[in-house]
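Examination of the molecular architecture
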Amino acid sequence: MNVQTKIALLLLALAAAFIAGLGVIRLKAQGRLRQIAEERLHEGQESVDRRLEKGGEPLEALAEDYTYWDAMVEAVQRSDQTWLEAHVGEATLDKFTVNAVWVARADGSPLYMVDNLYGDQDLHAIPRPAAAFEKLAREKLGHFYFFLPQHGLMEVRAATIHGSKDYERHGPVGGFFFAGRLWSNEKLDELGLFSDTQRVWIAPPGGPERLQSPRDDENGVTTFTRPLPGWDGQPVARLAVRSETPMIPLLNTTSRQLFWALGGFALVLTVLLTFALVKWVSRPLQHISNSLRRGDLSSIARLEQHQSEFGELARLIRQFFTQRDSLLREIREREATEKVLAKREEELRHAQKMEAVGRLAGGVAHDFNNLLTAIIGYAEILTRRLKNDATGRQNAEMILKAGEQAAGVTRQLLAFSRKQLLQPKVIDLNEVVAGIDRLLRRVIGEHITLVTRPDAAHGRVRADPTQLEQVILNLGVNARDAMPRGGKLTISTANAQLQDEDTRPEATVELPDGDYVVLVVTDTGKGMERETQSHIFEPFFTTKGPGKGTGLGLSTVYGIVTQSGGAVAVDSSPNRGTTFRIYLPCESAPLSPPSSVPAPPRRAHDSEVVLVVEDEEIVRELVCSVLHEQGYRVHCAAHGGEALEMAARAEVCASGIDLLITDVVMPHMSGPELVKKITANHPEARVLFVSGYSENDISDRGVLADDIRFLEKPFTPLTLARKVREVLDEPPPSTTTAAEAARSRSSRSSDDERATGGASDVAVAAVAPSRDTVAAAAAATGADGAR
């Protein structure tokens, strides 16, 4: 059915209604005049009653809904003003269009009051005497009125407070709740407007229900009142309503009746035609226009069901939007896929580049560490021997200093390439930050304000404490160089939980879900642009001038953190400072015991046998010379085969091997392979590995196992002597095997027997490097980072 047919049928219906209406008006005109006064009275009363009930619904809903609430009962019992302010505040008043709320305890004492009348002192007291609470406790609900001097009449709804499941309010009363609404002039005008009356006002209590005069009846005016009770049921005022009916005298003439009938018909016809045009033409066009403009199909969902021209158009629009959305979705998915692929390709290229540079740096550092071991060792020996030669001693000390600085550079290379051996412990990151505060202040200078905030609630991590301090020093020095005119450096700790992509930071490596301790280093320096940030962890990359830095500071941070199982995130922009966030996995194990200060090495007795296996001649000669000076019986071998031959000799078999010192990487036979063969025939032998960088044969991704002894190159003669003495002074590998080895060497001299007895207290478990070695490494790396 098209629009024109619908309009024609509508006009026919209107014509029939017009004719029928004229007949009805003719028949009922006389009777209607006699009844109109009484009918208007009843209509006015019902209209006012309905409006009063409708207007009081928000007030009644607030009083009833907020009193079936367990949380409200608990808040009243605890006198919790904070909870009441949060849940029954001015927002609640605005929501329910009320002006004041009072809450009282179960004994009737006031607890809480809120209003939006801006400090009216008359509202502070609960609008009900204390004696009336017993009545409310019995009736459960209350409805009354009272006057405010400044604002006039206020309507109040009251209710007892009960638990959420006590719908019948049979349980004990948990408190009292009052909600009030002012009857302002605007409210009275609104009541008159929506109740189809001309005037509404508040009259004093008392007087008849109808305020009628004979003249009012003649003019079609009806006036009546409604009592407004107080808390005790006695009226405090009356609501007076005046309703005026248009002057309806007796029907003077049939022509005047016809005039009004035709006028009404014309009005109705106009309204119906307007309604038809809006519903069947204008509204469908508006829905279609909104759908096309906003791209929202919900506005034409009902229109699609119509079997009209507009319904067909709506279905075509939905088909168009469906095809468009499918095309846009495919485009977005392709763009997202291309972005992910481009990001992965960039990450792969960067990882391959870093791995290649790391392999080169690790190899170079290994060779340099062998040379530096000899340089530092012999320089220290010369320093001790040239006590009477000031010039020669000074030259030797300069050689030693240069060697230690070079060792610091190699350690940075190993840290970046992740080939250094870490000796992790369970430490508290908060304690590390607090402990390094004084040292860092000396490094960055007085022109920079240092603030440390170790605020992490759980600060335990598993990491090498010396290397972690090196990370903080390098970041501090980097921040110092970014603030040449002074600034603020803040170092803090915090906890973070990574659960999804929204919480996962953009870090150097992708972090798995879990709990982390975050070390945050923030400066107020000049910051970095995006291009610089993409290169800061590359070795030898620096923005400083020539001679002011090696470019290894942040690459060292990257290597240490990555090798410790963490990641680094950077947030920086030009002239806005830089923030480094280091994420380390939380550790639940107890803290490791603190390291003890190493004692000076004591000389050995000549019954202790040490087998040294080192392929670098200069290192081998140095180690053997130092151990000879310490009183050990030393056998030196250049490779694994020669070491096996020495171990098979009769004199060695008779005396046994107390300690095997072997390099990890050697030609023909690696250090771990040699250890297996030596300990098969000499189970009493302790093992000390020596190497310039991490090998997977004795470590797991650079983390030293607990049953491995290791001495990192380069080392000093004093460090070597301490380490050897430390290994020999610990319990033996196995009491049974040591005892059998002792019985098999019955030809030993009495000194040898005493040595064997002393060796029974020797250890095999892993130990941390000596503090001299660690301190030298940290000092060298820190000095390089400062440049």
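Residues numbered from 1 in each chain as written. Predicted model: local features only at pLDDT ≥ 70, side-chain atom pairs only at ≥ 80, totals over all residues. Heavy atoms only, no water.

**Regarding the nonpolar core**
Ranked by internal contacts, the top residues of the largest apolar core, which has 36 residues, are Leu 440, Ile 472, Leu 475, Leu 489, Ile 491, Leu 519 and Ile 582. Counting residues per element, this core draws most heavily on helix 14 (residues 465–482), at 6 residues. Setting aside chain neighbours within four positions, we find Ile 491 in contact with Val 433, Leu 440, Leu 450, Val 451, Thr 452, Arg 453, Ile 472, Leu 519, Val 520 and Val 521. (Core = buried A, V, L, I, M, F, W, Y, C linked by side-chain atoms within 4.5 Å. Buried < 20%, exposed > 50% of the residue type's maximum accessible area, 1.4 Å probe, protein only. Helix = DSSP H or I, 4+ residues; strand = E, 2+ residues; numbered from the N terminus. Contact = heavy atoms within 4.5 Å.)

**Points about helix 13 (residues 437–444)**
Turning to helix 13, its buried residues number three or more, namely Asp 437, Leu 440 and Ile 444. Burial along helix 13 is one-sided: seen end-on, the buried residues are contained in an arc of 65°. Of the exposed residues in helix 13, those oriented more than 90 degrees away from the buried face are Arg 438 and Arg 442. The first or second residue beyond helix 13 is Gly 445, which carries a positive phi of 95°. (Arc of directions from axis to C-beta.)

**Considerations on the packing of aromatic side chains**
Where two aromatic rings form a pair, the distance of their centres and the angle of their planes describe that pair. Per the counting criterion, the structure on display carries 11 aromatic pairs. Ring geometry for Phe 133 versus Phe 176: centroids 4.9 Å apart, planes at 70°, classification edge-to-face. Separated by 43 residues along the polypeptide, Phe 133 in helix 6 (residues 133–139) and Phe 176 in strand 5 (residues 176–182) bring together distant segments of the chain. Assessed through its relative accessible area of 2%, Phe 176 is described here as buried. Seen from their ring centres, Phe 537 and Tyr 558 are 5.9 Å apart, and the 35° between their planes marks the pair as tilted. On the criterion of sequence distance, the pair formed by Phe 537 in the loop between helix 15 (530–533) and helix 16 (553–563) and Tyr 558 in helix 16 is long-range, its members being 21 residues apart. Look at Phe 537 and you get buried, because its relative accessible area is 10%. Each residue in the set Tyr 66, Trp 69, Trp 83, Phe 96 and Phe 177 is aromatic and connected to the rest through ring pairs, giving one cluster. The side chain of Arg 169 reaches across the aromatic face of Tyr 68, ending 4.3 Å from its centre. (Phe/Tyr/Trp six-rings, centres within 6.5 Å; stacked < 30°, edge-to-face > 60°. Lys NZ or Arg CZ within 6 Å of the ring centre and 35° of its normal.)

**A short note on the environment of Glu 139**
When you line up the elements, Glu 139 lands in helix 6. Counting along the chain gives 20 residues from Glu 139 to Ala 159, while the straight-line C-alpha distance between them is 8.7 Å.

**What about the pairing of strand 15 (residues 578–585)?**
Regular strands show a simple pattern: their side chains alternate between the two faces of the sheet. The buried fraction of strand 15 amounts to 6 of the 8 residues, a majority that puts the element mostly inside the structure. In terms of strand pairing, strand 13 (residues 514–523) meets strand 15 through 8 bridges, oriented antiparallel. Paired with Tyr 516 across the strands is Pro 585, a residue of strand 15. Counted between consecutive antiparallel strands, the loop separating strand 14 (residues 567–572) from strand 15 contains 5 residues, among which Asn 575 sits at a positive phi close to 65°. (Pairing = 2+ DSSP bridges.)

**Things to note about unusual backbone geometry**
Residue Pro 714 follows Lys 713 across a cis peptide bond; omega there is -5°. One can find Pro 714 in the loop between strand 22 (710–712) and helix 21 (717–728). Here the phi dihedral of Lys 140 falls at roughly 75°; this positive angle occurs in a residue that is not glycine. Secondary-structure assignment places Lys 140 in the loop between helix 6 and strand 3 (141–148). At Asn 575, a position not held by glycine, the phi torsion is positive, near 65°. Position of Asn 575 relative to the elements: it lies in the loop between strand 14 and strand 15. Using a relative accessible area of 69% as the deciding quantity, one classes Asn 575 as exposed.

**Focus: the sheet that holds strand 22**
The strand order across the open sheet built from 5 strands is 17-16-18-19-22, with neighbouring strands paired in parallel fashion. What marks the edges here is a single partner per strand, and that holds for strand 17 (633–637) and strand 22. Sheet twist, expressed as the average angle between the axes of neighbouring strands with direction ignored, equals 20°. Relative to strand 18 (residues 659–663), strand 16 (residues 609–613) is paired through 4 bridges, and the arrangement is parallel. Across the sheet, Val 613 pairs through a bridge with Thr 662, a residue of strand 18. Contacts between helix 20 (residues 671–681) and the sheet are confined to strand 16, strand 18 and strand 19 (686–691), with strand 18 contributing the most and set at about 155° to the helix. (Axes fitted to C-alpha atoms, helices over the stretch in contact; angles between N-to-C directions.)

**Thoughts on the pairing of strand 5**
For strand 5, the buried fraction is high: 7 of the 7 residues fall into the buried class. The alternating pattern of strand 5 places Phe 176, Phe 178, Gly 180 and Leu 182 and Phe 177, Ala 179 and Arg 181 on opposite faces, both of which are buried. Where strand 1 (residues 100–104) and strand 5 come together, 5 bridges link them in antiparallel fashion. Its bridge partner lying in strand 5, Trp 102 is registered against Phe 178. With 7 bridges connecting them, strand 4 (residues 152–160) and strand 5 associate as antiparallel partners. Counted as the bridge partner of Ala 159 is Phe 177 from strand 5.

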